[in-house]
Amino acid sequence: MGNVKEFGLSFQNLTAREFIATARRTEELGFGTFWVPEDYVHRGAFSVASAIAACTTSLRIGIGVLNPYTRHPVLTAMELGALEEISDGQAVLGMGASIAPWIEGQLGIPYVKPTTSIREGVEIIRALFRGEEFTYTGQVFQTTQARLNFVPPRIDVPIHLGVLGPKNLTMAGQIADGALLAVLLSPAYVRYAVECIQRGTEAVGKDLASFEIGGLLTISISEDGLAAREAVKPFLATWIGLFSSQPGHPIFSCPGLPAKDIKPFGERLAKGESATDLVTDWMIDTFTIAGDPEHCRTRLAALVDAGLTCPVPFEVPNVRPEVTLDAVKTHL
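Just so you know, the residues in each chain are numbered from 1, in the order the chain's sequence is written. Only residues with pLDDT of at least 70 get local features here, since the model is predicted, and only at 80 or more are side-chain atom pairs given and counted; chain-wide, interface and lining totals rely on the full set of residues. To obtain the side-chain values, all non-hydrogen atoms of the structure were included, while hydrogens and water were left out.

Q: What am I meant to see in the environment of Ala188 here?
A: Helix numbering and strand numbering both begin at the N terminus, where a helix is a DSSP run of H or I of at least 4 residues and a strand a DSSP run of E of at least 2. Mapped onto the elements of the fold, Ala188 is located in helix H7 (residues 187–203). For every residue, the accessible area (1.4 Å probe, protein chains only) is compared with the maximum for its type, and the residue is labelled buried under 20%, exposed over 50%, or partly exposed between those bounds. For Ala188, a relative accessible area of 22% puts it in the partly exposed group. Along the primary structure Ala188 and Pro255 are separated by 67 residues, whereas in three dimensions their C-alpha atoms are 5.4 Å apart. Pairs of residues are marked as contacts when any of their non-hydrogen atoms sit within 4.5 Å. Not counting residues within four places of it along the chain, the set of residues in contact with Ala188 comprises Cys254 and Pro255.

Q: Before we go on, may I ask you to explain the environment of Leu208 in this structure?
A: Note that Leu208 resides in the loop between H7 and strand S9 (212–221). Along the backbone, Leu208 and Thr143 are 65 residues apart, and their C-alpha atoms lie at a distance of 32 Å. Apart from the residues within four sequence positions on either side, Leu208 is in contact with Val194, Ile197, Gln198, Thr201 and Ile213.

Q: Looking at this structure, how should I read the pairing of strand S11 (residues 310–314)?
A: When a strand is regular, its side chains alternate between the sheet's two faces. Of all five residues making up S11, five are buried, and the element is well covered by its neighbours. Side chains Cys310, Val312 and Phe314 of S11 all project onto a buried face; the interleaved residues Pro311 and Pro313 project onto the opposite face, where all are buried too. Strands pair, by our definition, only if DSSP identifies at least two bridges between them. Where S9 and S11 come together, five bridges link them in parallel fashion. Residue Leu217 lies in a different strand from S11, and its bridge partner there is Pro313.

Q: What's the story with the packing of helix H3 (residues 73–86) against helix H5 (residues 114–129) in this structure? I'm lost.
A: To characterise two packed helices, one gives the angle between the axes of the helices and the distance between these axes. Helix axes are fitted only over the stretch in contact, all axes being lines through C-alpha atoms; the angle between N-to-C directions runs from 0 to 180 degrees. Contact geometry of H3 with H5 gives a least axis separation of 9 Å together with a crossing angle of 50 degrees. Here H3 lies oblique to H5, going by the angle between them. In the packing of H3 onto H5, the handedness of the crossing is right-handed. Listed contacts from H5 to Pro73, Val74, Thr76, Ala77, Leu80, Gly81 and Glu84 of H3 are Gly121, Ile124, Ile125, Leu128 and Phe129. For the contact of H3 with H5, the class distribution of residues is eight nonpolar, three polar and one charged. Put simply, angles under 35 degrees are roughly parallel, angles over 145 are roughly antiparallel, angles from 65 to 115 are roughly perpendicular, and the rest are oblique. Left-handed describes a crossing whose near helix is turned anticlockwise from the far helix by less than a right angle; the clockwise case is right-handed. Under the scheme applied here, ten amino acids are nonpolar (Ala, Val, Leu, Ile, Met, Phe, Trp, Tyr, Cys and Pro), four are charged (Asp, Glu, Lys and Arg), and all others, including Gly, are polar.

This is the structure:
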């Protein structure tokens, strides 16, 4: 797969010490980037990332991804600068808008202008890393004579956007160094995302070839292909349910999943009921990489051919991270 720049890795439901052990194993196996997630009420990403940085040498450490609301961009720049020092310039910042139910519904923070919030956050962080004393009056954020009192190892720290929709994908092409596409990836959606990103890169005269297009992939590989496919059903059912309020979203419309097939997943999720029985073989083949090794290589190749350059295996519930690591290393 000549178009692959690197394999990354991302897990979510690990203890802090398990994150460290898994990241060290990730580096030993030659993966490029370990993405540390930060979701609502999970472990804080910068604490975990700093611990990983202290225990690795060549591994890039991605924050995947922060929202611009719970940390002011100046605070994010402070944290990122410290991570850059600990990791000797191996940090990657991921930024995304999160979702209103978490930011506004549970935290009470106004969820305003998501696209503008990301853009302004990136502008502020980049200016601070350039060493500027920065006064900024945006639609969402303001700063007055803000300036880092230390010099980070790099001026141009990579920033990747964790975004899904057309407007934000185009913005990623304009202002970011890469994109980290979320789960439920299909070749059709990846092609769509790349087209949106390319509109952004062309608008500012950037080369798409230098832009990293990553994606969180649900991967389950076993010589027992049926068992591997069964393993992803609960995860897939949950994520379709989480996105069910947006049945017309490109993640569904691009591969052709109709709204009538999506709605029952959301209804089951709202009731706290399993929707595993609703997951079809077509859904598994469209949104995951699951089955025997040959089948999985074919599925990954289709995503790479569609434009994915940095595959990021994501965890499958109840599958130990070392199992996923070894399977990806051995078979993909």
